[in-house]
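# Structural overview for review
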Amino acid sequence: CIIGILSVFVLNTTTAQTGQSIDEYLFKIDSLLDLDSTRLAYEMLQQTQEQDLNSYTKSQLIFYHKLHGDYFLMINDYEHSVEAYSPLRTLGDRDLSKQATIWLARAINDMGISLMKVGKHIEAKEAHFISIQLYDRFNDHQGAAFNYNNLALLYQEEKNIDSALTCYSLSLEHAILANDTLGVAYNHRNLATLYADNQ
């Protein structure tokens, strides 16, 4: 009975985006991912055909590719996550609204995480630096803090301790500016651990 209800729900919410705007459709997928309803979110993503994407604005395309990459990242399929995020590299970042810029920055940060997971450290660093530049347009310190923390993890894995310390320190500065007390705590812990591990 529950499966039948879910099937009806999917049909009613995904059929060629009938009866709802593209934005509503994409926000619905986003809310499903927030609820960890990854299967339903993926089914909705799969309903979007190439011809549908041709009618999307640049902002909507950014959101779509972000959601597609987010899905694979959530299920730890890092190679497909990189592949899903990769169209964002060619869309460009000019003349975007604040919302679209933040979507792009988050997606590129998350692509950096996936690139690290598949061992592409140089590309991962490039992604994080691009994401920081996008966040800086709107003084989004929270986003910058996440990126610097991810860069620190990359440098730490490479045994580049000085660069890791620098990035953790920058992450801490941005976490303080963002009033992110949990982020401040994590960064202090990471710095303390790194100092202890390296005498």
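Coordinates for the structure precede this section.
Rules used in this analysis
- Residues numbered from 1 in each chain as written.
- Predicted model: local features only at pLDDT ≥ 70, side-chain atom pairs only at ≥ 80, totals over all residues.
- Heavy atoms only, no water.
- Helix = DSSP H or I, 4+ residues; strand = E, 2+ residues; numbered from the N terminus.
- Expected span 1.5 Å × (residues − 1).
- Buried < 20%, exposed > 50% of the residue type's maximum accessible area, 1.4 Å probe, protein only.
- Contact = heavy atoms within 4.5 Å.
- Phe/Tyr/Trp six-rings, centres within 6.5 Å; stacked < 30°, edge-to-face > 60°.
- Salt bridge = Lys/Arg side-chain N within 4 Å of Asp/Glu carboxyl O.
- Core = buried A, V, L, I, M, F, W, Y, C linked by side-chain atoms within 4.5 Å.
- Axes fitted to C-alpha atoms, helices over the stretch in contact; angles between N-to-C directions.
- Parallel < 35°, antiparallel > 145°, perpendicular 65-115°, else oblique.
- Left-handed = near helix turned anticlockwise from the far one by under 90°.
- 1 Å grid on protein atoms, 1.4 Å probe; cavity = no way out; pocket = protein on both sides within 12 Å on 5 of 7 lines; lining within 4 Å.
- Points joined across faces, edges and corners; volume = space filled by probe spheres on them.
- Nonpolar A, V, L, I, M, F, W, Y, C, P; charged D, E, K, R; others polar.

## Structural notes on helix α11 (residues 161-177)
Helix length check: α11 (17 residues) gives 24 Å between terminal C-alpha atoms against 24 Å at 1.5 Å per residue, within 8%. Every buried residue of α11 is accounted for by A164, L165, C167, Y168, S171, L172, H174 and A175. Close packing links the buried residues of α11 with α10 (141-157) and α12 (181-197). Of the residues one or two after α11, N179 is the one with positive phi, at around 55°.

## Section: the packing of aromatic side chains
Across all of its chains, the model carries 7 aromatic pairs by this definition. When the ring of Y42 is compared with that of Y71, the centres are 4.5 Å apart and the planes differ by 20°; the resulting orientation is stacked. Remark: Y71 occurs in helix α5 (residues 58-74) and Y42 occurs in helix α3 (residues 38-47); sequence separation between them is 29 residues. Accessibility expressed as a relative area gives 10% for Y71, which makes it buried. Their ring planes at 85° and their centres at 6.3 Å tell us that Y56 and Y64 sit as a pair that is edge-to-face. You can call Y56 buried: its relative accessible area is 7%. Note on Y64: relative accessible area 5%, which makes it buried. Joined through ring pairs, the aromatic side chains of F27, F63 and W103 make up one cluster.

## With respect to the pattern of salt bridges
For side chains bearing opposite charge, pairing can occur when the charged atoms are close. Under the defined criterion, the tally for this structure stands at 5 salt bridges. Here R39 and E43 are joined by a salt bridge, their closest N and O atoms 2.6 Å apart. Of this pair, R39 and E43 both sit in helix α3, 4 residues apart, roughly one helical turn. For R39, a relative accessible area of 46% puts it in the partly exposed group. Of the charged contacts in the structure, one is a salt bridge between D70 and K66, with a shortest N-O distance of 2.6 Å. In this pair, D70 and K66 are both assigned in helix α5, 4 residues apart and thus about one turn of the helix distant.

## Some details on the nonpolar core
Core analysis: the largest hydrophobic core is formed by 57 residues, its most contacted members being L26, I29, Y56, L67, L104 and L151. When residues of this core are assigned to their parent elements, the largest contribution, 10 residues, is made by helix α8 (residues 98-117). Those residues in contact with I29, other than ones at most four positions away along the chain, are A41, M44, L45 and L67.

## Brief notes about the packing of α5 against α8
Contact geometry for α5 and α8: axes closest at 9 Å, N-to-C directions at 30°. Taken together, the axes of α5 and α8 lie roughly parallel to each other. Considering the relative orientation of α5 and α8, their crossing is left-handed. Mapping the contact onto sequence places S59, I62, F63, K66, D70 and L73 in α5 and A100, W103, L104, R106, A107, D110, I113 and S114 in α8.

## Concerning the layout of surface pockets
Over the atoms rolls a probe the size of a water molecule, and in doing so it shows where empty space is left. Size it by volume and the largest pocket reaches roughly 190 Å³. What lines the largest pocket is L88, R89, G92, D93, L104, I108, M111, L115, E123, E126, A127 and I130. Listing elements by their share of the lining of the largest pocket, those giving two or more residues are α7 (88-91), α8 and α9 (121-136).

## So, the packing of helix α2 (residues 22-34) against α5
Close contact between α2 and α5 brings their axes to 10 Å; oriented N to C, the two are set at 20°. Classified by the angle between their axes, α2 and α5 sit roughly parallel to one another. The crossing of α2 and α5 is left-handed. Contacts from I22, D23, L26, F27, I29, D30 and L33 of α2 reach α5 at Q60, F63, Y64, L67, D70, Y71 and M74. Here the contact of α2 with α5 is composed, by residue class, of 10 nonpolar, 1 polar and 3 charged.

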